Amino acid sequence: MNSHRIWAGLTVLTGLVTVAITIAFQMLPEVAAAGACWAPGKVVEFELARTLTELLKVFGPAADTCRAPIVTAMDAVNHFDVKAYIPAYTAFEICAAMFLGLRFRRPLVLAAIGVALVALAGDYLETLTLLRITLNLEGSADLLA
């Protein structure tokens, strides 16, 4: 089997794993337990929140009965992102670059792999920051920047 077929197979495999993980986010027990408090767009709203007002719109006020289940679900999603999605998607990007570029030493392949690794670092930084924010929602305005 030649290396082009191997990279094609690895690209398909890592792509399928990434899709499966994407679907699994909504099947996490903590997300299911949040019930009507949870909406699929909450994760993106949280990621895009830049002010305390926007943040509290996602999680609700401290006394809201939905706050705790939303925080628990959001933390579960972000821990799963760290453990599974970020590495799987990065592996997919690298495999796709190798498949499309045919050789590791090509400048565009190296550039694509470099960009994937920078994105990996940025995604980890973002997600770990989101996990810090949920520890103290009202006291985390400085982390939103």
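See the structure printed just above.
The rules behind the values
Residues numbered from 1 in each chain as written. Predicted model: local features only at pLDDT ≥ 70, side-chain atom pairs only at ≥ 80, totals over all residues. Heavy atoms only, no water. Disulfide = S-S within 2.5 Å. Helix = DSSP H or I, 4+ residues; strand = E, 2+ residues; numbered from the N terminus. Axes fitted to C-alpha atoms, helices over the stretch in contact; angles between N-to-C directions. Parallel < 35°, antiparallel > 145°, perpendicular 65-115°, else oblique. Contact = heavy atoms within 4.5 Å. Nonpolar A, V, L, I, M, F, W, Y, C, P; charged D, E, K, R; others polar. Expected span 1.5 Å × (residues − 1). Buried < 20%, exposed > 50% of the residue type's maximum accessible area, 1.4 Å probe, protein only. Patch = residues over 30% accessible without salt bridge, like charges linked within 9 Å, V, L, I, M, F, W, Y side chains within 5 Å. Areas by Shrake-Rupley, 256 points an atom, 1.4 Å probe, with all protein chains shown as cover. Salt bridge = Lys/Arg side-chain N within 4 Å of Asp/Glu carboxyl O. Phe/Tyr/Trp six-rings, centres within 6.5 Å; stacked < 30°, edge-to-face > 60°. Core = buried A, V, L, I, M, F, W, Y, C linked by side-chain atoms within 4.5 Å.

## Observations concerning the state of the cysteines
Then comes step 1: All chains considered together, the criterion is met by one disulfide.
Then comes step 2: Bridging cysteine 37 to cysteine 66, the disulfide has an S-S length of 2.0 Å. Around the S-S axis, the bridge from cysteine 37 to cysteine 66 shows a dihedral of about -70° and counts as left-handed. Pair noted here: cysteine 37 is in the loop between α2 (29-34) and α3 (42-48) and cysteine 66 is in the loop between α4 (52-59) and α5 (67-101), with a separation of 29 residues, a long-range link.

## Let's talk about the packing of α4 against α5
Then comes step 1: In the contact formed by α4 and α5, the axes pass within 9 Å of each other and the chain directions differ by 100°. Considering their axes alone, α4 and α5 lie roughly perpendicular with respect to each other. Of α5, the residues touching α4 (which contributes Leu56, Val58 and Phe59) are Arg67, Ile70, Val71 and Met74.
Then comes step 2: Along the lines of polarity and charge, the residues of the contact of α4 with α5 split into six nonpolar, no polar and one charged.

## Focus on the side chain of threonine 18
Then comes step 1: Within the secondary structure, threonine 18 is located in helix α1 (residues 3-25).
Then comes step 2: Among all residues touching threonine 18, those that are not within four sequence positions of it are Tyr85, Ala88, Tyr89 and Phe92.

## Digging into helix α6 (residues 107-133)
Then comes step 1: Between its terminal C-alpha atoms α6 stretches 39 Å, which fits the 39 Å expected from 27 residues at 1.5 Å a residue.
Then comes step 2: Those residues of α6 that sit buried are Val109, Ile113, Ala116, Thr127, Thr129, Leu130, Leu131 and Ile133.
Then comes step 3: Residues of α6 that are buried make contact with α3, α4 and α5.

## What to know about a nonpolar patch on the surface
Then comes step 1: A surface patch of nonpolar side chains, amounting to about 310 Å² of accessible area, comprises Ile6, Leu10, Leu13 and Val17.
Then comes step 2: Structurally, the position occupied by isoleucine 6 is in helix α1.

## Structural notes on the packing of aromatic side chains
Then comes step 1: One pass over the structure, following the stated rule, counts five aromatic pairs.
Then comes step 2: Taken together, the ring pairs connect Phe25, Phe80, Tyr85, Tyr89 and Phe92 into an aromatic cluster.

## Regarding the environment of lysine 57
Then comes step 1: Take lysine 57: it is sitting in helix α4.
Then comes step 2: C-alpha separation for the pair lysine 57 and glutamate 45, spaced 12 residues apart in sequence, amounts to 8.8 Å.

## As for the nonpolar core
Then comes step 1: Membership of the largest hydrophobic core comes to 26 residues, with the highest contact counts inside it found for Trp38, Phe46, Leu55, Phe59, Met74, Val77 and Ile133.
Then comes step 2: Among the secondary structure elements, those contributing two or more residues to this core are α1, α2, α3, α4, α5 and α6.
Then comes step 3: The element best represented in this core is α5, accounting for eight residues.

## Let's talk about the pattern of salt bridges
Side chains that differ in sign of charge can pair as their charged atoms come close.
Then comes step 1: Per the counting criterion, the structure on display carries one salt bridge.
Then comes step 2: As a salt-bridge pair, glutamate 138 and arginine 67 come within 2.6 Å of each other at their nearest N and O atoms. In this pair, glutamate 138 is assigned in the segment after α6 and arginine 67 in helix α5, connecting sequence segments 71 residues apart.
Then comes step 3: Residue glutamate 138 is classed as partly exposed on the basis of its relative accessible area, which comes to 36%.
Then comes step 4: Accessibility expressed as a relative area gives 11% for arginine 67, which makes it buried.

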